[in-house]
Amino acid sequence: MIQTRTETLALTDGTQLRFTVAEPDTVVRGGLVVLHEARGVTERVRRLCGSLAEEGWLTVAPHLYHRDGTDEFHDHQPDEHVHDQVRRLSGDTILADTDASFLWLSDQGVPADRQGVLGFDIGGSAALVVAASRTLGAAVSIGGRGILEPLSAAVPPLVQIAGELSCPWLGLYGDDDEMEPGEVEKLREVTDTAQAATDVIRFPGAGHRFDRDADAAAEAWQRARNWLDLHLR
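Note that the structure is predicted; figures quoted are calculated from it, not measured. (Residues numbered from 1 in each chain as written. Predicted model: local features only at pLDDT ≥ 70, side-chain atom pairs only at ≥ 80, totals over all residues. Heavy atoms only, no water.)

Draft legend 1. The arrangement of the overall build of the protein chain in detail. The number of helices and strands found in the protein chain is seven helices and eight strands. Its C-alpha atoms give the protein chain a radius of gyration of 16 Å, near enough to 17 Å, the size a compact globule of 233 residues would have. Burial analysis of the protein chain (233 residues in total) assigns 54% to the buried set. A separation of at least 24 residues holds for 73% of the contacts in the protein chain among residues at least 6 apart in sequence. Working note: accessible area of the protein chain is about 10,300 Å², and carbon and sulfur atoms make up 46% of it. (Helix = DSSP H or I, 4+ residues; strand = E, 2+ residues; numbered from the N terminus. Rg over C-alpha atoms; globule rule 2.2 N^0.38 Å. Buried < 20%, exposed > 50% of the residue type's maximum accessible area, 1.4 Å probe, protein only. Contact = heavy atoms within 4.5 Å. Areas by Shrake-Rupley, 256 points an atom, 1.4 Å probe, with all protein chains shown as cover.)

So this is what it looks like as C-alpha cells:
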C-alpha cells in the first residue's frame, strides 16, 4: 500500500489547511480530491487515498475540520461530538478547502480536465456541493445525507443545487435509516435536469456506509472507478 503524508497550506482566510496526500509510484493519470467521512481523515480515508494512488491517481484529502483544529474523531469519541462538527461545516469553507486542493493538483502538473472529486458519507454530500459550483472533470458521491434537510445551516439542501451540476456526477446510495423514503429518488429527479451527465444508483439493504452488503459495496466501488476512468482521460 502506498503511504500517505500530511502537508499544510496557507489559505487566504488566514487559516492553515491540512491535507493528506498519496502519490502514485508510476505515471500520474489524473488527480482526485477525496472528501472524508463524518469522523474526519480516518485510517479508512488514508487507505482509500493509498488505494487510489496505486491506480495512478494523485490523491489529496483536505481536512475539512481544520479550522476547529480537528483532523479525526476516534471510535471512542461520542457521535454527538461528530454531529456538532458536521453542523459547523459551510458551503463556503468546503469550496475554499477544495479550491486550494485543486490548485495544489494543478501546481503538480495535473490538467483541470483530469481533476475530479470523490466523497463518501458527509464527504459525498460535500462532493455534490463542489460539483454544482465548480467545473471539474468528474465527481462521485458515495452516500451522504442533506438531500432534503441540510447538513448544516450553511450548507444548502442538495436538491436545491443538484440541477446546477456542470460536470459528470455519479451518486451511489445505500439505505440510510435517517433518510426519509423517496429522498434518493427526489435527488435523481433533480439531477436528471442538469446539463451534465448524471447517474444515481440505489442499493437497497446495503446500509448508508455500505456495511451491510459486501457485494453491493464491491459493485459501488467498481462503478465509482469506472466513472472516473470514463470521464478523467
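Draft legend 2. Expanded view of the packing of helix α3 (residues 91–107) against helix α4 (residues 122–131). At a minimum axis separation of 10 Å, α3 and α4 run at an interaxial angle of 75 degrees. Taken as axis vectors, α3 and α4 run roughly perpendicular relative to one another. Side by side, α3 and α4 meet where Ile-94, Leu-95, Thr-98 and Phe-102 of the first sit next to Ala-126, Val-129 and Val-130 of the second. Across the contact of α3 with α4, the residue classes tally to six nonpolar, one polar and no charged. (Axes fitted to C-alpha atoms, helices over the stretch in contact; angles between N-to-C directions. Parallel < 35°, antiparallel > 145°, perpendicular 65-115°, else oblique. Nonpolar A, V, L, I, M, F, W, Y, C, P; charged D, E, K, R; others polar.)

Draft legend 3. Spatial organisation of helix α2 (residues 79–86). Those residues of α2 lying buried are Val-82, Gln-85 and Val-86. Summarising the axial view, the buried residues of α2 lie within an arc of 100 degrees, below the 170-degree limit, and thus occupy one face. (Arc of directions from axis to C-beta.)

Draft legend 4. Quick look at the packing of aromatic side chains. Within this structure, the stated rule accounts for three aromatic pairs. Taken together, a centroid distance of 5.6 Å and an interplanar angle of 65 degrees make the contact between Phe-19 and Trp-104 edge-to-face. One end of the pair, Phe-19, is in strand β2 (residues 16–22); the other, Trp-104, is in helix α3, with 85 residues separating them in the sequence. We classify Phe-19 as buried; its relative accessible area is 2%. Taking the relative accessible area as the measure of exposure, Trp-104 reaches 9% and is therefore buried. (Phe/Tyr/Trp six-rings, centres within 6.5 Å; stacked < 30°, edge-to-face > 60°.)

Draft legend 5. Quick look at the sheet that holds β2. The strand order β1-β2-β4-β3-β5-β6-β7-β8 describes an open sheet built from eight strands, whose pairing is mixed. Each end of this open sheet is capped by a strand with a single partner; those strands are β1 (5–10) and β8 (198–203). Between one strand axis and the next, the sheet turns by 20 degrees as a mean value, whatever way the strands run. Alignment of β1 against β2, held across six bridges, turns out to be antiparallel. Pairing of Glu-7 across the sheet is with Phe-19, part of β2. Relative to the sheet, helix α6 (residues 183–191) contacts β7 (169–174) and β8, its axis offset from that of β8 by approximately 170 degrees. Each of β3 (30–35), β4 (57–62), β5 (115–120), β6 (138–142), β7 and β8 is contacted by helix α7 (residues 214–231), which is oriented at about 170 degrees to β6, the strand it contacts most. (Pairing = 2+ DSSP bridges.)

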